[in-house]
Amino acid sequence: MKILLLGKNGQVGWELQRSLAPLGELIALDRQTVDGLCGDLSDIDALRSTIRKVKPDVIVNAAAYTAVDKAEAEIDLADLVNGQASRVMAEEAASLDAWLIHYSTDYVFSGRGATPWREADLVAPVNRYGASKLAGEQAIIASGCKHLIFRTSWVYAARGNNFAKTMLRLAREHEALNVIADQIGAPTGAELIADVTALALQKVRLNSELTGIYHLAASGEVSWHGYADYVINFARSQGELLAVKVVNPIDTTDYPTPARRPLNSRLNTQKLRDNFSLYLPDWQSGITRMLREVLNK
Ligand code: NDP
């Protein structure tokens, strides 16, 4: 099996380099051109010709325009990378009869209510980034290619920048932090996403009826405030010297950002667990592991 991985250096892409390696010949690209192969999703023609040269059995797209606030101003670039490039990958996958594995987000939903979102729930993106990711999903489905679209949330990894690492840095520098307490979701490790991808890929190769959208997140739920508390308490329990004395809960309305954020990022993962016989660990276990790694404990 020949696998073309795009976005190899992102949080998820980095972990996919590990988890996909035993499954076949892996050609992993970032946005640079290497040996005539280009993984820059903003260069649609080069992307198309790269896929035609490689002729993969599976395309795994971990690249995306992920700058949520900047996307409000850079709408065209977000649409190009998240929408149009996904369409090109899907068209090429369809003509090669290859699988396309792609990642999306809970930001395709309105963020209202408190019920975990199911795959078939009505979409209504809260911001431009969400709209661009939804455009990608819809293009993939419309192409008729065999696909797995994993919608996930609150991704973190030991490598790269994310909320947990930002909280650790701020907790070293400040005595008081203000953290949003009315947005709820599940921090989900890039390691878990990559491992589930590899397991699911093996299964869909034997049963193409499993094609479709799946929600993929760690179990349980927490607010950003609860998440920050967990990170800080764990770091302190491991002997980290932190300046922080108080973490104040604040509302989303107290922290205006260019892009709106959903209050409800909960994802119902029943379909994924049932169709692939998978168990999704609670968010605390992955966060603890990541913290041990970054704190070297
Ligand atoms: P990262 O931001 O860590 O990685 C994205 C990667 O895409 C980076 O390596 C980036 O490269 C690359 N990229 C950006 N623009 C281009 C381009 N034009 N051409 C080629 N590569 C490009 O994201 P994650 O690993 O966290 O996200 C993986 C997937 O999960 C994405 O589809 C994302 O939308 C989705 N997701 C992420 C969430 C999160 O909290 N992070 C939440 C929900 C879904 P460079 O570093 O050079 O810019």
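Residues numbered from 1 in each chain as written. Predicted model: local features only at pLDDT ≥ 70, side-chain atom pairs only at ≥ 80, totals over all residues. Heavy atoms only, no water.

Engineer: Run through the environment of Ala194, naming residues and quoting values.
Structural biologist: With respect to the helices and strands, the residue Ala194 is situated in helix α6 (residues 190–204). The exposure class assigned to Ala194 is buried, which follows from its relative accessible area of 0%. When the C-alpha atoms of Ala194 and Lys165 are compared, they prove to be 20 Å apart, with 29 residues separating the residues in sequence. In this structure Ala194 touches Glu15, Leu16, Arg18 and Ser19, once residues within four positions along its chain are discounted. (Helix = DSSP H or I, 4+ residues; strand = E, 2+ residues; numbered from the N terminus. Buried < 20%, exposed > 50% of the residue type's maximum accessible area, 1.4 Å probe, protein only. Contact = heavy atoms within 4.5 Å.)

Engineer: Quick one: what's the story with helix α4 (residues 128–143), residue by residue and with numbers?
Structural biologist: For α4, built from 16 residues, the straight-helix expectation of 22 Å at 1.5 Å per residue is met to within 8% by its first-to-last C-alpha distance of 23 Å. Listed as buried for α4 are Tyr129, Gly130, Ser132, Lys133, Leu134, Gly136, Glu137, Ala139 and Ile140. Residues of α4 that are buried make contact with α3 (75–96), β6 (99–105), β7 (146–152) and β12 (212–215). Of the residues that open α4, the one with a side-chain oxygen 3.4 Å from the backbone nitrogen of Tyr129 is Asn127. (Expected span 1.5 Å × (residues − 1). Polar contact = N/O pair within 3.5 Å; in protein donor to acceptor, adjacent residues only side chain to side chain.)

Engineer: Go over the pattern of salt bridges, please, and point to the residues and values.
Structural biologist: Applying the stated criterion across every chain yields a total of 14 salt bridges. Residue Glu191 is joined to Arg289 by a salt bridge in which the shortest nitrogen-to-oxygen separation is 3.1 Å. Of this pair, Glu191 sits in helix α6 while Arg289 sits in helix α9 (residues 283–295), and the two are 98 residues apart along the sequence. Judged by relative accessible area, Glu191 falls into the partly exposed class, the value being 25%. When the shortest N-O distance is used, the salt bridge between Arg266 and Glu221 registers 3.0 Å. Here the residue Arg266 occupies a position in the loop between β14 (246–250) and α8 (270–276), and Glu221 occupies one in the loop between β12 and β13 (222–223), the gap between them amounting to 45 residues. A relative accessible area of 45% means that Glu221 is categorised as partly exposed. Salt bridges sharing partners connect three or more residues here, namely Arg48, Arg52, Arg87, Glu91 and Glu92. (Salt bridge = Lys/Arg side-chain N within 4 Å of Asp/Glu carboxyl O.)

Engineer: I'd like a rundown of the packing of helix α7 (residues 224–237) against α9, residues and numbers included.
Structural biologist: As a packed pair, α7 and α9 sit with axes 11 Å apart at the nearest point and diverge in direction by 45 degrees. It follows that α7 is oblique to α9 by the angle criterion. When you trace α7 past α9, the crossing you get is right-handed. In contact with Tyr227, Tyr230, Val231, Phe234 and Ala235 of α7, α9 contributes Trp283, Gln284, Ile287, Thr288, Leu291, Arg292 and Leu295. By residue class, the composition of the contact of α7 with α9 is 9 nonpolar, 2 polar and 1 charged. (Axes fitted to C-alpha atoms, helices over the stretch in contact; angles between N-to-C directions. Parallel < 35°, antiparallel > 145°, perpendicular 65-115°, else oblique. Left-handed = near helix turned anticlockwise from the far one by under 90°. Nonpolar A, V, L, I, M, F, W, Y, C, P; charged D, E, K, R; others polar.)

Engineer: Outline the packing of helix α1 (residues 11–20) against α6, listing residues and values.
Structural biologist: The geometry of α1 relative to α6 is characterised by a closest axis approach of 8 Å and an angle of 45 degrees between their N-to-C directions. Taken together, the axes of α1 and α6 are oblique relative to one another. When you trace α1 past α6, the crossing you get is right-handed. Facing Gln11, Val12, Glu15, Leu16, Arg18, Ser19 and Leu20 of α1, the residues of α6 in contact are Ala190, Glu191, Ile193, Ala194, Asp195, Thr197, Ala198 and Leu201. Split into classes, the residues belonging to the contact of α1 with α6 amount to 8 nonpolar, 3 polar and 4 charged.

Engineer: Help me get a handle on the site of the ligand, residues and values and all.
Structural biologist: Surrounding the ligand, one finds 23 residues, the nearest of these being Arg31, Leu41, Thr66, Tyr129 and Lys133. Contact distances for the ligand include 2.9 Å between an oxygen atom and a backbone N or O atom of Val12. Within the complex, the protein chains bury 78% of what would otherwise be the 900 Å² of accessible surface of the ligand. Elements supplying a minimum of two residues to the shell around the ligand: α1, β6 and α4. Ranked by residue count, the leading element in the shell around the ligand is β6, at 3 residues. Across the shell around the ligand, the residue classes tally to 10 nonpolar, 10 polar and 3 charged. (Near = heavy atom within 4 Å. Areas by Shrake-Rupley, 256 points an atom, 1.4 Å probe, with all protein chains shown as cover.)

Engineer: I'd like to hear about unusual backbone geometry, residue by residue, with values.
Structural biologist: The backbone phi angle of Asp35 is positive, close to 50 degrees, even though this residue is not glycine. Mapping Asp35 onto the fold places it in the loop between β3 (33–34) and β4 (37–38). Classification of Asp35 as exposed rests on a relative accessible area of 76%. The residue Trp154 is not glycine, and still its phi comes out positive at about 45 degrees.

Engineer: An account of the sheet that holds β7 is needed here, citing residue identities and associated values.
Structural biologist: Here 6 strands make up an open sheet; going across it, the order is β2-β1-β5-β6-β7-β12 and the pairing parallel. The sheet is open, and its two edges are formed by β2 (25–29) and β12, each paired on a single side. On average, each strand axis in the sheet is tilted by 20 degrees relative to the strand beside it, whichever way the strands run. In this structure, strand β1 (residues 2–6) lies alongside β2, joined through 5 bridges in parallel fashion. Counterpart to Leu4 in the pairing with β2 is Ile27. Sheet contacts for α3: β1, β5 (58–61) and β6; angle to β6, the most-contacted strand, approximately 155 degrees. (Pairing = 2+ DSSP bridges.)

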